[in-house]
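Listed below, chain by chain, are the residues.
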Amino acid sequence: MKMHSKLKLAAAPTALGIALMAQPVMAQDVEDDTVADAPEPIVVTGSRIQTTSFDTVAPVTVIGEQSIESTGAVNIQETLLRDPVMGTPSFSRTNTSFSTSGTGLSTVDLRNLGISRTLILVDGRRHVSGVPGSSAVDLNAIPTALIDRVDILTSGSGSAIYGSDAVAGVINFILKDDFEGFDVEGSAGVTEVGDSPEYTLGVTMGSNFADGRGNATLFAGYSYEGTAYLRDHKTEAGPSERDSLSALYFGGDYQDVVEPFYSSYSPYGTYFTDNYSFTYAPNGVLQGCTTTNGTTCTSGDGVYSGVGPTGFNRTFFRYLAAPTERFMLTANATYDIADNHEFFLQGSYINTAVESNVEPFPFASADAYSDGQIPIETMLDDGTIFRNPFVPDAIYNDASDTNGDGLRDIYVTKRLTSFGPRNASADRDTFRIVLGMRGDITDSWNYETFFNYGKTKQIQLGTGQINTPALRQALAIIPDPSDPTGTTFICADAAARDAGCQPANIFGRESLSPESLAYLEAPTSYNADVSQMQIGAFVGGDLFALYSDIDPIQVTTGVEYRKEESSSVWDVLSQRGLNAGNALPPTVGEFDVKEAYIEGKIPLMQDSFLYDVSIRGAARISDYSTVGQTFSWNAGGEIAVTPDLRFRAMYAETVRAPNINELFAGLSQTYPTLTDPCSGATDDGSVLGTACFADPGVRNNAAANGGVFTLNGTSDVQGVTGFDGGNPLLNEETGKTFTAGVVLNPTFIPALENLTLTVDYFNIEVADYIQPTSRQFILNQCYTEGNTALCDQFVTRREFAEGPYSAGSLDEVNTSSLNSGGLKTEGIDVKVNYNTGLGFINEDADLRISFAYTHLIEQYIDQLQDTDEEPLDLQDGEVGYAKDRFTSQVFLGLGDVTLAATGTYYGPSYLDDQLTGVTRFDEGYEDYRWHDEFYLDLQARWNVTDRHEFYVGVDNVTDNSPVYAGGLMVAGMETDTGTYDPLGRRYYAGFKISLD
């Protein structure tokens, strides 16, 4: 039974037509007086040509309103990720907890080719990015309740139609408009463990005005997705309550858990002197040895013994899902200013508030001192030396001057629990307005002009960092000259005292005074602005027919101008890395592009011995302010042997210009998790041994460890940093896409007349692929393959031991954006759709089934350009790139009740060989296999009346837990939380009420 409020029928042919090619066609009730004598012209995603048919040469998938509603999704990303053409997103609520500025963003990635190669449209026009410096759209800015359907063009043919960024395809969100009525809807949900609560509330209202010549539609909505802590959830290895690490790091099975594997950065601090590593036991007693995970310890010379564990459990603080709150307001309006000439307006404002939370900062003295050594004495200009009054005697007595400055010094690591967790609150505002004119010039020619402007602004404030220049001042301590007793102390520098400097006691847990803490705290701030302005116009219509009794040649031609600007700026301390965190320089840039395009369709045969034959093509020329002139084009054709059997093929040459981040990003610091190929190496004359032992630090390490390069577990894994940056010399990417398929709708078989089967082959290749070369790839090529030039360019090792870090351990592994060799993906998409009545149950009963399957034949990245051997990073079959995926939906309509089931399947996959060092051609590859996964979601909807609908649902009915892979996939998580469901079983309920 249909809800009382409705959209005008004008929207129906488009949805119905595309659905014939992709998703199940849902029965639609229409009023007799709205049926026209001739079909109304429509525009199908992937083309600008108006047509009365529903056929597409390039494959287009449609996700209709019923499919969206059946998932109970708060954010449309949740629905889209079920489709097998979607890759693992770069940003989601469950894989961005450690992102410095992207927590809670929501993006999609067609075919795993990168979020910048998926073009997002709203009603056929571009949308401003939500990721500064990128073209990627934050789907938080698109209200789920307002989406009528989603068209997914799974081909690069859209590059000539819509411009840059459509290398992998196009996702076009078609919003509800021309609405009459007043609808209210809401929902609530929660996980089985009782966290990550979800609430939505939305109001849609619309009305005609001016005697039906105009319509205005308004939507106002609110959504909230709450916090889920990692500690409250589980993997297949059990509860995620304590820090753990995959045994792969220690030569074991990747699914074996090393637990606890606490951080060596203790809240009590660890103080490295000449002979000992001092810390405080859990009972607060100073001891000359540490045991991060154990219960007892003894110093190397047996002088000291102690108890533990002295490590820190980071998992307690970590979010698994970031809390996200949205306020949404959109407006659509149309007005017929004259016959066949319509003014249109779209406006939206979305506010998204997100919070991130990770454990307190792991401070090391190298964050504040260039050589990592903190002086525990202070020398005045006259040469007088004062001892730091807070240093325990045992530490002071075992310390010496290690750097030649005349002062005793120590190396320190400490978890800054006094500063609280590193918490950041981001407020993102997205504003967009589109206005224009469209209409008919003649009976066969139409036009459209439009202006499209969007702006995203983000303000983020954070806590938990320390001001390292202030710390240096607060550790230079002298007796207060005004105190004759010599029992009070002040900062040595007078200017620092004027700025509020208070002596800092860093020895022991929570040892800082409130005054000292206030002086040392370094709140962070981040401000980002992204804007997009687009102006366009096109005309289209019929030229002439090649001969009588055939449709005329159709053409559309137009021009566009687009300008994009992006600015992202951190506070001064963050920019310079003076708050002990990553150095995060500003990124500011802009570009503009002028474009012209033409598209045509030529019917060759109709209603002859072949039912329909046509060819089509498009071309676009662009002039960028950054890379200059580019050209993209496509050509294809379709042959309908009969109305029931259609063959189609399309070839396209695509272009993607580098975005602002890729061109202009400043050198930003990161802390990657890497596997050092040199671990355990010896100077045995092998390629590995020769490359590793060319480094003096490796040689120094091996000399102290019996000739074997030996790493120090936790510290050396956590002690790697690196810098990423833009490259203003980048060129555009160029690609080639080929798709070919068949569409079968056997109406000649009565039992199958409502069955649609499509099978499409796809092959996408990209040359001059823009990406930062993988750090792990750099290490593997440098050491295991002997490409030592990469070592010299990107890798820095410590020559000598520094505090907890071993000699020869990785210090920096850097990378930057390059036009690498390229990428390729190849596979087959299959879609089956079927619906039928179930009269044996009752006259209103029906069954609707959809099935979408993707088989990945091959996918790889050629990381290095112009090399003799062209080493390939093979990705197909790896985690996130499953060879086989499918999604199926079944709807059972029983009149006023509809039951829905959605199944999502991920085939067996393997850990990235860049991580394990074991390729698919090596023995032992099967040891890194992840089993397949199937998720089942259920929903029931009940139309109480034609104005009142209620529904309940369960996601992940079988409560599947993800495979354990601690420290191997997503930063701070125990599995691939972007690909697999980490939250477990969830329940929700909701309602829709029409009040008009």
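- The protein chain goes by TonB-dependent receptor in an unreviewed UniProt entry, where it is assigned to Qipengyuania polymorpha.
- We quote the UniProt Sequence similarities (unreviewed entry) comment for the protein chain here in full: "Belongs to the TonB-dependent receptor family."
- Per UniProt, the comment on the protein chain under Subcellular location (unreviewed entry) is "Cell outer membrane".

### Focus: the overall build of the protein chain
Then, in step 1: Looking only at helices and strands, the protein chain features 16 helices and 55 strands.
Then, in step 2: Compactness check: the protein chain gives a C-alpha radius of gyration of 31 Å against a globular reference of 30 Å for 996 residues, within 12% of the reference.
Then, in step 3: Along the first, second and third principal axes, the C-alpha atoms of the protein chain reach 105 × 65 × 55 Å.
Then, in step 4: The proportion of buried residues among the 996 residues of the protein chain is 57%.
Then, in step 5: Long-range contacts, defined here as pairs at least 24 residues apart, represent 71% of the contacts in the protein chain between residues at least 6 apart.
Then, in step 6: When the accessible surface of the protein chain is summed, it comes to about 38200 Å², and 55% of that surface belongs to carbon and sulfur atoms.
Then, in step 7: Of the side-chain charges in the protein chain, 59 are positive and 134 negative, and the distance between the mean point of each set is 3 Å.

### Section: a nonpolar patch on the surface
Then, in step 1: Together, L543, F544, L546, Y547, L604 and I615 line one region of the surface with nonpolar side chains, adding up to about 540 Å² of accessible area.
Then, in step 2: Looking at the secondary structure, you find L543 in the loop between β34 (524-542) and β35 (554-570).
Then, in step 3: The class of L543 is partly exposed, set by a relative accessible area of 46%.

### Some details on the environment of S159
Then, in step 1: Tracing the chain through its elements places S159 in helix α4 (residues 158-162).
Then, in step 2: Sequence separation of S159 and R656 is 497 residues, and the distance between their C-alpha atoms is 8.3 Å.
Then, in step 3: In this structure the side chain of S159 is engaged in a polar contact, spanning 3.3 Å, whose partner is the backbone nitrogen of V655.

### Some details on the pattern of salt bridges
Then, in step 1: If you walk through the whole model with that rule in mind, you get 46 salt bridges.
Then, in step 2: As a salt-bridge pair, R438 and E342 come within 2.8 Å of each other at their nearest N and O atoms. Here the residue R438 occupies a position in strand β30 (residues 422-440), and E342 occupies one in strand β24 (residues 341-358), the gap between them amounting to 96 residues.
Then, in step 3: Assessed through its relative accessible area of 26%, R438 is described here as partly exposed.
Then, in step 4: For D676, the salt bridge is made with R797, and the minimal N-O distance between the two is 2.8 Å. With D676 in the loop between β40 (668-670) and α11 (687-692) and R797 in strand β44 (residues 795-797), this pair connects stretches of sequence that are 121 residues apart.
Then, in step 5: Judged by its relative accessible area of 8%, R797 is buried.
Then, in step 6: Through salt bridges with shared partners, a single ionic network connects E65, E69, K176, R941, E949 and K992.

### Regarding the nonpolar core
Then, in step 1: In terms of nonpolar packing, the biggest core is built from 35 residues, with Y271, F363, I410, I466, F507 and L520 touching the most fellow members.
Then, in step 2: When neighbours within four sequence positions are excluded, I410 is seen to be in contact with Y271, F272, T273, S365, G372, Q373, I374, I376, I395, A399 and F507.
Then, in step 3: One finds V85, I147, M328 and I764 within the second-largest nonpolar core, a separate group that totals 33 residues.

### Side note on the state of the cysteines
Then, in step 1: All chains considered together, the criterion is met by four disulfides.
Then, in step 2: The disulfide that involves C491 links it to C501, with 2.0 Å between the sulfurs. The chirality of the disulfide connecting C491 with C501 is left-handed, given an S-S dihedral of about -80 degrees. Taken together, the positions of C491 in strand β33 (residues 489-491) and C501 in the loop between α7 (494-498) and α8 (514-520) put the pair 10 residues apart, joining distant regions of the chain. Judged on exposure class, the residue C491 and its partner C501 are both buried.

### Some details on the side chain of D873
Then, in step 1: Locating D873 in the fold gives a position in strand β48 (residues 872-874).
Then, in step 2: Summary of buried charges: D873 has no salt-bridge partner, and the nearest side chain of opposite charge, R920, is 7.2 Å away.
Then, in step 3: Once you skip the residues sitting within four places of it in the chain, D873 turns out to touch Q859, Y860, I861, Q863, D912, D913 and Q914.

### Notes on helix α12 (residues 696-703)
Then, in step 1: When we look at burial in α12, the residues that qualify are G697, V698, N701 and A702. The arc enclosing the buried residues of α12, seen along the axis, measures out at 130 degrees, which places them on a common side.
Then, in step 2: The elements touched by buried residues of α12 are α11 and β44.
Then, in step 3: For α12, the capping residue at the N-terminal end is D695, with a side-chain oxygen 2.8 Å from the backbone nitrogen of G697.

### Points about a negative patch on the surface
Then, in step 1: Side chains of D253, D256, E923, E926 and D927 sit close together on the surface and give a patch of like negative charge.
Then, in step 2: One can find D927 in the loop between α16 (913-916) and β52 (929-930).

### Some points on the sheet that holds strand β5 (residues 118-122)
Then, in step 1: Overall, mixed pairing links the five strands, which are arranged β4-β7-β8-β5-β6 in an open sheet. Strands at the two margins of the open sheet, each flanked by one partner only, are β4 (60-64) and β6 (125-126).

### With respect to the side chain of T191
Then, in step 1: On the secondary structure map, T191 appears in strand β9 (residues 179-191).
Then, in step 2: One polar contact links T191 to D195, side chain to side chain, over a distance of 2.5 Å.
Then, in step 3: T191 has contacts with S196, H233, L983, R985 and R986, leaving out every residue within four places of it along the chain.

### What about unusual backbone geometry?
Then, in step 1: The omega torsion across E259 and P260 is -5 degrees, close enough to zero to call that bond cis.
Then, in step 2: Here the phi dihedral of D178 falls at roughly 50 degrees; this positive angle occurs in a residue that is not glycine.
Then, in step 3: Note on placement: D178 falls in the loop between β8 (169-175) and β9.
Then, in step 4: Located in the positive-phi region is N340, a residue other than glycine, with phi close to 70 degrees.
Then, in step 5: Here N340 lies in the loop between β23 (324-338) and β24.

### A few points about the confidence of the model for the protein chain
Then, in step 1: The predicted model of the protein chain averages 90 in pLDDT, with 95% of residues at 70 or higher.
Then, in step 2: Scored below 50 in pLDDT, residues 1-38 makes 88 contacts in the model with residues more than four places away or belonging to other chains.

### Things to note about the packing of aromatic side chains
Then, in step 1: This model, assessed by the stated rule, comprises 27 aromatic pairs.
Then, in step 2: Residues Y526 and W570 carry aromatic rings whose centres are separated by 4.7 Å and whose planes lie at 45 degrees to one another, so their mutual orientation is tilted. Taken together, the residues span a long stretch of sequence, with Y526 in strand β34 and W570 in strand β35 at a distance of 44 residues. Of the two residues examined, Y526 and W570, each falls in the buried class.
Then, in step 3: Between Y906 and Y980, the aromatic rings sit 5.5 Å apart at their centres with planes inclined by 55 degrees, giving tilted as the arrangement. Residue Y906 is found in strand β50 (residues 897-906), and its partner Y980 is found in the loop between β54 (948-955) and β55 (986-994); the two are separated by 74 residues along the sequence.
Then, in step 4: The class for Y906 is buried, based on a relative accessible area of 9%.
Then, in step 5: Taken together, the aromatic side chains of Y254, Y906, Y928, W930, Y935 and Y980 make up a single cluster linked through ring pairs.
Then, in step 6: When the ring centre of Y396 is taken as reference, the NZ or CZ atom of R408 above it lies at 4.2 Å.
Then, in step 7: Its guanidinium or amino end placed over the ring of Y268, R509 lies 5.7 Å from that ring's centre, counting from NZ or CZ.

### Quick notes on helix α14 (residues 775-784)
Then, in step 1: Burial of α14 is extensive: nine of the 10 residues sit out of reach of the surface.
Then, in step 2: For α14, the full list of buried residues reads R775, Q776, F777, I778, L779, N780, Q781, C782 and Y783.
Then, in step 3: Two to three positions downstream of the cap, the backbone nitrogen of Q776 sits 3.3 Å from a side-chain oxygen, assigning the N-cap of α14 to S774.
Then, in step 4: Once α14 ends, the next one or two residues include G786, with phi positive near 80 degrees.

### A few points about the environment of S567
Then, in step 1: The topology assignment puts S567 in strand β35.
Then, in step 2: Linking S567 and I660, residues 93 residues apart in sequence, is a C-alpha distance of 9.2 Å.
Then, in step 3: Other than its neighbours up to four places away in sequence, S567 contacts N527, A528, D529, T587 and V588.

### Regarding the pairing of strand β31 (residues 445-462)
Then, in step 1: Pairing between β30 and β31: 17 bridges, direction antiparallel. Considered in β31, the bridge of D440 is made with N446.
Then, in step 2: Counting the residues in the hairpin turn of β30 and β31 gives four residues.
Then, in step 3: Taken together, the 18 bridges between β31 and β34 define a ladder with antiparallel strand orientation. Following the sheet pairing, Y447 is matched in β34 by V539.

Calculation rules
Residues numbered from 1 in each chain as written. Predicted model: local features only at pLDDT ≥ 70, side-chain atom pairs only at ≥ 80, totals over all residues. Heavy atoms only, no water. UniProt positions renumbered as here; feature names shortened; annotations may be inferred. Helix = DSSP H or I, 4+ residues; strand = E, 2+ residues; numbered from the N terminus. Rg over C-alpha atoms; globule rule 2.2 N^0.38 Å. Buried < 20%, exposed > 50% of the residue type's maximum accessible area, 1.4 Å probe, protein only. Contact = heavy atoms within 4.5 Å. Areas by Shrake-Rupley, 256 points an atom, 1.4 Å probe, with all protein chains shown as cover. Lys, Arg positive; Asp, Glu negative; His and termini not counted. Charge placed at Lys NZ, Arg CZ, Asp CG, Glu CD. Patch = residues over 30% accessible without salt bridge, like charges linked within 9 Å, V, L, I, M, F, W, Y side chains within 5 Å. Salt bridge = Lys/Arg side-chain N within 4 Å of Asp/Glu carboxyl O. Polar contact = N/O pair within 3.5 Å; in protein donor to acceptor, adjacent residues only side chain to side chain. Core = buried A, V, L, I, M, F, W, Y, C linked by side-chain atoms within 4.5 Å. Disulfide = S-S within 2.5 Å. Arc of directions from axis to C-beta. Pairing = 2+ DSSP bridges. pLDDT = per-residue confidence, 0-100. Phe/Tyr/Trp six-rings, centres within 6.5 Å; stacked < 30°, edge-to-face > 60°. Lys NZ or Arg CZ within 6 Å of the ring centre and 35° of its normal.

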